[in-house]
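One letter stands for each residue in the lines below.
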Amino acid sequence: MRQIKKQAPPAALTEWIAANQNGPNCNYRSLTGELRRVIREALVAEQGCLCAYSGRGIDPDSCHIEHLKPQAHCKDLEEVSYKNLVAAVPKPNSPNLPYGAHLKANWPSDDEVAMFVSPLHAGCTARFTYNFRGKIEPANPDDEPARETIKRLGLNHSILVEYRREAIGQTLQAPKKGPASLDAKTAKRRLEGLRKQEEGNDQLEQFSFALICALEKHIERIQKIAVGKKKA
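All values derive from a computational prediction rather than experimental measurement.

In this structure the tally under the stated criterion is two aromatic pairs. Residues W107 and F116 carry aromatic rings whose centres are separated by 5.4 Å and whose planes lie at 70 degrees to one another, so their mutual orientation is edge-to-face. Each member of the pair, W107 as well as F116, is classed as buried. Arranged with centres 5.7 Å apart and planes meeting at 45 degrees, the rings of Y130 and F209 form a pair that is tilted. Highlighted residues: Y130 in strand 3 (residues 128-130) and F209 in helix 7 (residues 208-231), separated in sequence by 79 residues. You can call F209 buried: its relative accessible area is 6%. The ring of Y28 is capped by R36, whose NZ or CZ atom sits 4.3 Å from the centre of that ring. The ring of F116 carries K104 above its face, with NZ or CZ at 5.4 Å from the centroid.

Turning our attention to the state of the cysteines. A covalent bond between the sulfur atoms of two cysteines is referred to as a disulfide. For the structure on display, the rule yields zero disulfides. C74 carries a free sulfur, and the closest cysteine sulfur to it, the one in C26, is 12 Å from it.

On to the nonpolar core, then. Residues L31, I39, Y53 and F128 are the most contacted members of the largest nonpolar core, which totals 60 residues. Considering each element in turn, this core owes the most residues, eight residues, to helix 7. Discounting residues that sit within four places of it in the chain, I39 has contacts with P10, L13, L31, I65, Y82 and L85.

Calculation rules
Residues numbered from 1 in each chain as written. Predicted model: local features only at pLDDT ≥ 70, side-chain atom pairs only at ≥ 80, totals over all residues. Heavy atoms only, no water. Phe/Tyr/Trp six-rings, centres within 6.5 Å; stacked < 30°, edge-to-face > 60°. Buried < 20%, exposed > 50% of the residue type's maximum accessible area, 1.4 Å probe, protein only. Helix = DSSP H or I, 4+ residues; strand = E, 2+ residues; numbered from the N terminus. Lys NZ or Arg CZ within 6 Å of the ring centre and 35° of its normal. Disulfide = S-S within 2.5 Å. Core = buried A, V, L, I, M, F, W, Y, C linked by side-chain atoms within 4.5 Å. Contact = heavy atoms within 4.5 Å.

Given below as structure tokens:
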């Protein structure tokens, strides 16, 4: 999971809420298709073209508008509040996926919200770690909300794990060499590039946060091996 830093809502949404907030139709169902498109474009841009939950690459045509606080539990204007909206796979009216927004469904309720690590939470990225096989785990074994979020979002579903494993494997493999063959210098340069992407407003690589984690571990492993050889 990658932390999302919310930006100002699209002007079109702000204007729509202002015009409808005192009427009976100020709800998500009443948003026009054109306005939903504008919202998706804004969400995708602020998320670096990554799904809020899974980290898969998205564009405005391959995602839907997801409510962090489920619509079933929304009150007042929360259904159309931009701070409650993120972009997630898949696109509207697609078959259900066994992970992400579809699996999350109406979780969490108001009583369960403390167990949900939202992608808007400061420091949420650091609460998860990834191994070289693509599996996600709480960075702190005692972090029960992180563990519950992984479960509720299906972040260790075999499909997602395989996607991440493949991305990590490709990142750590030097051209024309075997698995995990990237040298430390190249790995550091690759890591710096990914971190710079995170700092900017550019399109991010799919699973970039998992790649950063894997590169950090890969570099640490190389350094430990080097130290061991010196001692020997």
